[in-house]
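Here are the chains, one letter per residue:
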Amino acid sequence: MAADIVRRRLWARGRWKVPWTFLFLASLLLQTSCADQTEEYLKREHSLTKPYQGVGSSSSSLWDLTGNVLVTPQYVRLTPDQQSKQGAVWNRVPCYLRDWELQVHFKIHGQGKKNLNGDGFAIWYTKDKMQSGPVFGSKDNFVGLGVFVDTYPNEEKQHESQKKRYSPGMQRVFPYISAMVSNGSLTYDHSRDGRPTELGGCTAMVRNLDHDTFFVIRYVKRRLTIMIDIDGKHEWKDCLDVPGVRLPRGYYFGASAVTGDLSDNHDLISLKLYQLSVTRSPDEEAADKEVFIPSVDNMKLPGVDQSSEPMSGFALFIIVFFSILGLVFAAVILLIVYNKWQERSRKHFY
Ligand SMILES: *[C@@H]1O[C@H](CO)[C@@H](O)[C@H](O)[C@H]1NC(C)=O
Ligand SMILES: [Ca+2]
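Attention in this report is confined to the structure presented alongside it. As the structure is a computational prediction, the values presented were derived from the model and not from experiment.

**Some points on the packing of aromatic side chains**
Alright, step 1. The full count for this structure, using the stated rule, is 15 aromatic pairs.
Alright, step 2. When the centroid spacing of 5.4 Å and the interplanar angle of 50 degrees are considered together, the rings of F106 and F121 count as tilted. Of this pair, F106 sits in strand 5 (residues 100–109) while F121 is found in strand 6 (residues 120–126), placing the two residues 15 residues apart along the sequence.
Alright, step 3. Through successive ring pairs, a cluster of aromatic residues spans W100, Y125, Y219, Y251 and F253.

Listed below in structure tokens is the structure:
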């Protein structure tokens, strides 16, 4: 049992191989004497794991349910593969950890063929909970963090129907995972799949797979990282990495999903929250003041200001080329004028 936990934690940490392997070896020495050490990092009060005993039904449950959620011994189904369903689970206990990692084990599957399925699900760390709405089944203008696994490309479909084309590099391939941080002032634009407000994201082909699929949200020293493990290789791949993300403590973890005309089964197998022990230098400690409003330092939202895109190499070349041409032209004119003037003054002289 303990060995199993250790193994899971090891691959869970796969990406930080160098430091973590060291720590792991060191902790292994300690663990021979007290085998359950790693356990303490898993925060049971913020985790949702099999067999989901009493979830939603008992008053002692740590998780509340809304909408069409179905709890079975194997999974928590946020929505079934049927039209116009929505469901959510919310942790009853606010989370006061500073540094954490949430591992999400999920499964999205349904009858719909490629791009005839929807809409996806969201993982939340927000001030409010249990409020249904239009953002993957949860309320808009939320306060906190939302991570979206969007399985239907609304914007692309709209472009297609209007026979418009994307400029190269603008197209996102779906399913797409993205993150958004809001202080309540931002609206999630469903018709654009949240493009105007996303902090970043990645493509993740997660539907109808036989193997297990995971992603992990890490929040350490204000750095928000998302990694995915969806190829069945037990390897984390980078998805998103944003520094300077300020999230208050005491918010709630939750998950929600929605189906519309198109549908999917959105299943959660587990949510595992780990407390991360991170040392801070006195400087870092001083800089890391408690915050009360979510924000992102130097946030430039990709969809909001597209006029100030960096200049392309060709545009720069044209500008430089014509500037030089202009200078040469001006020099030639000056030379001609100067010659004429000299000629004339010579004539005067004689
Ligand atoms: C909330 O966010 C918006 C946009 O990001 C910003 O303009 C506004 O100043 C923020 N409000 C507070 C109270 O921080
Ligand atoms: Ca969408």
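Having seen it, we continue.
**Concerning the site of ligand 1**
Alright, step 1. Taken together, the neighbourhood of ligand 1 is formed by N183, S185 and I293.
Alright, step 2. The contact in question runs from an oxygen atom of ligand 1 to an N or O atom on the side chain of S185, over 3.2 Å.
Alright, step 3. Out of a free accessible area of 360 Å², ligand 1 has 35% covered by protein chains.

**Observations concerning the nonpolar core**
Alright, step 1. Ranked by internal contacts, the top residues of the largest apolar core, which has 50 residues, are W100, F121, I123, L145, F215, I217 and L268.
Alright, step 2. A total of five residues in this core trace back to one element, the largest contributor, which is strand 5.
Alright, step 3. Formed by 12 residues, the second largest nonpolar core is a distinct cluster that contains A88, W90, V135 and Y188.

**Considering the coordination of the calcium ion (ligand 2)**
Alright, step 1. In this structure, D150 (OD), D150 (OD), Y152 (O), N154 (OD1) and D193 (OD) serve as the protein donors to the calcium ion (ligand 2), at separations of 2.3 to 2.5 Å.
Alright, step 2. Sequence positions of the donors to the calcium ion (ligand 2) reduce to the motif D-x1-Y-x1-N-x38-D. By the burial criterion, Y152 is buried, and N154 matches it.

**Structural notes on the sheet that holds strand 15 (residues 252–258)**
Alright, step 1. Spatially, 1-4-15-6-8-9-10 is the arrangement adopted by the seven strands of the open sheet, whose pairing is antiparallel. Bordering the open sheet on either side are strand 1 (63–67) and strand 10 (200–203), each of which pairs with just one other strand. With direction set aside, neighbouring strand axes in the sheet form an average angle of 15 degrees.
Alright, step 2. The sheet contact formed by strand 9 (residues 176–183) and strand 10 spans four bridges and is antiparallel. Opposite Y176, over in strand 10, you have T203 as the bridge partner.

**Examining the pattern of salt bridges**
As a working rule, side chains carrying opposite charge can pair if their charged atoms are close by.
Alright, step 1. Tallied over the entire structure, the rule returns 20 salt bridges.
Alright, step 2. R192 is paired through a salt bridge with E155; the nearest N and O atoms lie 2.7 Å apart. Of this pair, R192 sits in the loop between strand 9 and strand 10 while E155 sits in helix 3 (residues 154–161), placing them 37 residues apart in sequence.
Alright, step 3. For E198, the salt bridge identified is with R172, shortest N-O distance 2.9 Å. On the criterion of sequence distance, the pair formed by E198 in the loop between strand 9 and strand 10 and R172 in the loop between helix 3 and strand 9 is long-range, its members being 26 residues apart.
Alright, step 4. Classification of E198 by relative accessible area gives buried; the value is 9%.
Alright, step 5. Overlapping salt bridges, with partners in common, bring together R98, D99, R222, R280, E285 and D288 in one network.

**Here we look at helix 3**
Quick reminder: α-helices carry 3.6 residues per turn. Residues three or four places apart thus point the same way.
Alright, step 1. Listed in full, the buried residues belonging to helix 3 are N154, E155, E156 and H159.
Alright, step 2. Two residues or fewer past helix 3, K163 is found with a positive phi of approximately 55 degrees.

**With respect to the sheet that holds strand 11 (residues 213–220)**
Alright, step 1. The seven strands are arranged 2-3-16-5-11-12-13 in an open sheet whose pairing can be described as antiparallel. For this open sheet the edge positions go to strand 2 (70–71) and strand 13 (237–242), each flanked by a neighbour on one side alone.
Alright, step 2. Across seven bridges, strand 5 lies against strand 11 in antiparallel orientation. Bridge pairing in strand 11 links V104 to F215.

**Re the environment of R246**
Alright, step 1. Position of R246 relative to the elements: it lies in strand 14 (residues 245–246).
Alright, step 2. Of the residues examined, R246 reaches a relative accessible area of 24% and is grouped as partly exposed.
Alright, step 3. Contact partners of R246, with chain neighbours within four places excluded, come to Y219, R222, V291, I293, P294, S295 and D297.
Alright, step 4. Within polar-contact distance, the side chain of R246 engages the side chain of D297 at 2.7 Å.

Thresholds applied
- Residues numbered from 1 in each chain as written.
- Chains lettered and ligands numbered in written order.
- Predicted model: local features only at pLDDT ≥ 70, side-chain atom pairs only at ≥ 80, totals over all residues.
- Heavy atoms only, no water.
- Phe/Tyr/Trp six-rings, centres within 6.5 Å; stacked < 30°, edge-to-face > 60°.
- Helix = DSSP H or I, 4+ residues; strand = E, 2+ residues; numbered from the N terminus.
- Near = heavy atom within 4 Å.
- Polar contact = N/O pair within 3.5 Å; in protein donor to acceptor, adjacent residues only side chain to side chain.
- Areas by Shrake-Rupley, 256 points an atom, 1.4 Å probe, with all protein chains shown as cover.
- Core = buried A, V, L, I, M, F, W, Y, C linked by side-chain atoms within 4.5 Å.
- Buried < 20%, exposed > 50% of the residue type's maximum accessible area, 1.4 Å probe, protein only.
- Donors = N, O, S within 2.8 Å, 3.2 Å for Na, K, Ca; no water.
- Pairing = 2+ DSSP bridges.
- Axes fitted to C-alpha atoms, helices over the stretch in contact; angles between N-to-C directions.
- Salt bridge = Lys/Arg side-chain N within 4 Å of Asp/Glu carboxyl O.
- Contact = heavy atoms within 4.5 Å.

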